[in-house]
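If you want the building blocks of each chain, they are given just below.
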Amino acid sequence: MAETLADLDKRVLWHPFTQMAEWQPLVIERGEGNYLIDSDGHRYLDGVSSLWCNVHGHNHPRLNGAIERQLAKLAHSTFLGLTHEPGIRLAAELVALAPKGLTRVFYSDSGSTAVEIALKQSFQFWQLTGRPSKQKFLRLGDAYHGDTLGAVGVGGIDLFHRVFGPLLVRSIAIPSPAGTDGEASLVRIHDELERRAYEIAAFILEPRVQGAAGILVHPPGFLRAVRELCTRFDVHLIADEVATGFGRTGAMFACEHEDVAPDFLCLAKGITGGYLPLAATLTTERVFEAFLGRRSELKHFFHGHTYTANPLACAVAIESLHLLQEETLANARARIPELARSLENLQSEPPVKQVRQCGMMIGIEMHPQSDRSIGTEVCDQVRKLGVILRPLGDVVVWMPPLSLRSNEVELLEEATRSGIRKLDW
């Protein structure tokens, strides 16, 4: 008998965040709108936007067309010492949409690298401007900013990061304000900055909601207060909008909810609508100008990637931005209250401990059961009902495409409720 794709997968692959001893492949063959279709023809609502990056649905004709038009001209050219039209035009559009004061775009290829760049640029800025003692970073408890070592160094999810502790530069943890009024966290931030601003380069956080921590929502006003403290003590604010950007919270960027302009804005995931790897780190003219000088001074930023500003990715990102502004963001805003009503219904299920929502980012936390991966068990049951979800521990995450339709909100609710009820509690 010929080897199946599933068998071949198990023989040659190693999947991320996956215990391969228990791995059972589901082979996805194609995408259509908000659905994924497997090799047996079964359809699944993509309830996690293919890891939080799909914005407009799969196989979108306008996004396909943008790639095809660019492919006929240029698939790739280095951005080291050269430039090209898609990279230039996308940067201009990002600057026009971003919070005021962010004027420069540095491209890379993933959320982790976007964060690495912000950390390195902040660190080097202080070296170049005569304050070399500013070498440490503040971050929130349960922070997650990616899996490369610099990003892990400002992370705080023990499950993901503890094994790599000996490799990391330690960051300074601030208690997360999620589930509180945020006052204790702000007092701690103030005290740390008052005592140690001379050695702190930047404070990094996900604005409004911590995604990988389990959809932990911050209290209103917290982000604005952090911005004011960072300004007061001359510490950079790095806003990691890898997960929250491009409409996920109901605004183009989460910072908009509190009219905050960070010193660095890290973008990835939804930037291309879920089509190709691309990331961008935006910063201010103040930061940019510190790196200017004669080539012989070696002040420039020594960092880059082979596929920086890939033209295909930039071209589809431009079209994705246009789609967001013309139709998809408005659709997401219409779905957000519908999702909230579905969550109210699910809250009454006895196994549900708490529901949390920030726009289209939703966490349904289950009461833990000893020696059981409850989140995984629920998601396994939901998959049998035609919906793809992924858990974060005991939290079942809803993160659907922004193109979600009303009947698909109902499908999410019904499948999740049925999945919960099928388990032995």
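Residues numbered from 1 in each chain as written. Predicted model: local features only at pLDDT ≥ 70, side-chain atom pairs only at ≥ 80, totals over all residues. Heavy atoms only, no water.

K.L.:
Looking at this model, I keep getting lost on the pattern of salt bridges. Mind explaining?
P.N.:
Following the criterion strictly, the structure yields 25 salt bridges and no others. With its nearest N and O atoms 2.9 Å apart, the salt bridge here joins R62 to E326. One end of the pair, R62, is in helix α3 (residues 61-71); the other, E326, is in helix α11 (residues 311-347), with 264 residues separating them in the sequence. For E192, the salt bridge is made with R196, and the minimal N-O distance between the two is 3.4 Å. Here R196 and E192 lie together in helix α8 (residues 183-196), a separation of four residues that amounts to about one turn. There is no split in this pair, since E192 and R196 are both buried. (Salt bridge = Lys/Arg side-chain N within 4 Å of Asp/Glu carboxyl O. Helix = DSSP H or I, 4+ residues; strand = E, 2+ residues; numbered from the N terminus. Buried < 20%, exposed > 50% of the residue type's maximum accessible area, 1.4 Å probe, protein only.)

K.L.:
Teacher, can you tell me more about unusual backbone geometry here?
P.N.:
For residues other than glycine, phi is negative in most cases, and the peptide bonds are mostly trans. Even without being a glycine, L298 presents a positive backbone phi close to 55°. Among the secondary structure elements, L298 is positioned in the loop between α10 (285-290) and α11. Taking the relative accessible area as the measure of exposure, L298 reaches 55% and is therefore exposed. A positive phi angle, close to 55°, is found at A309, a residue other than glycine. Relative to the helices and strands, A309 resides in the loop between α10 and α11.

K.L.:
I would appreciate a short explanation of the packing of helix α12 (residues 374-384) against helix α13 (residues 406-422) in the present structure.
P.N.:
Each packed pair of helices is defined by two parameters, the angle between the axes and the distance between the axes. α13 packs onto α12 with a crossing angle of 120° between their chain directions and a minimal axis gap of 8 Å. Viewed along their axes, α12 and α13 adopt a mutual orientation that is oblique. In the crossing of α12 with α13, the sense of the turn from one axis to the other is right-handed. Contacts from V378, Q381 and V382 of α12 reach α13 at A415, T416, G419, I420 and K422. (Axes fitted to C-alpha atoms, helices over the stretch in contact; angles between N-to-C directions. Parallel < 35°, antiparallel > 145°, perpendicular 65-115°, else oblique. Left-handed = near helix turned anticlockwise from the far one by under 90°. Contact = heavy atoms within 4.5 Å.)

K.L.:
Would you take a moment to explain the side chain of E241 for this structure?
P.N.:
For E241, the position within the fold is in the loop between β10 (236-240) and β11 (264-267). If we ignore the near neighbours within four places in the chain, the residues touching E241 are P207, F253, A254, C255, L265, C266 and L267.

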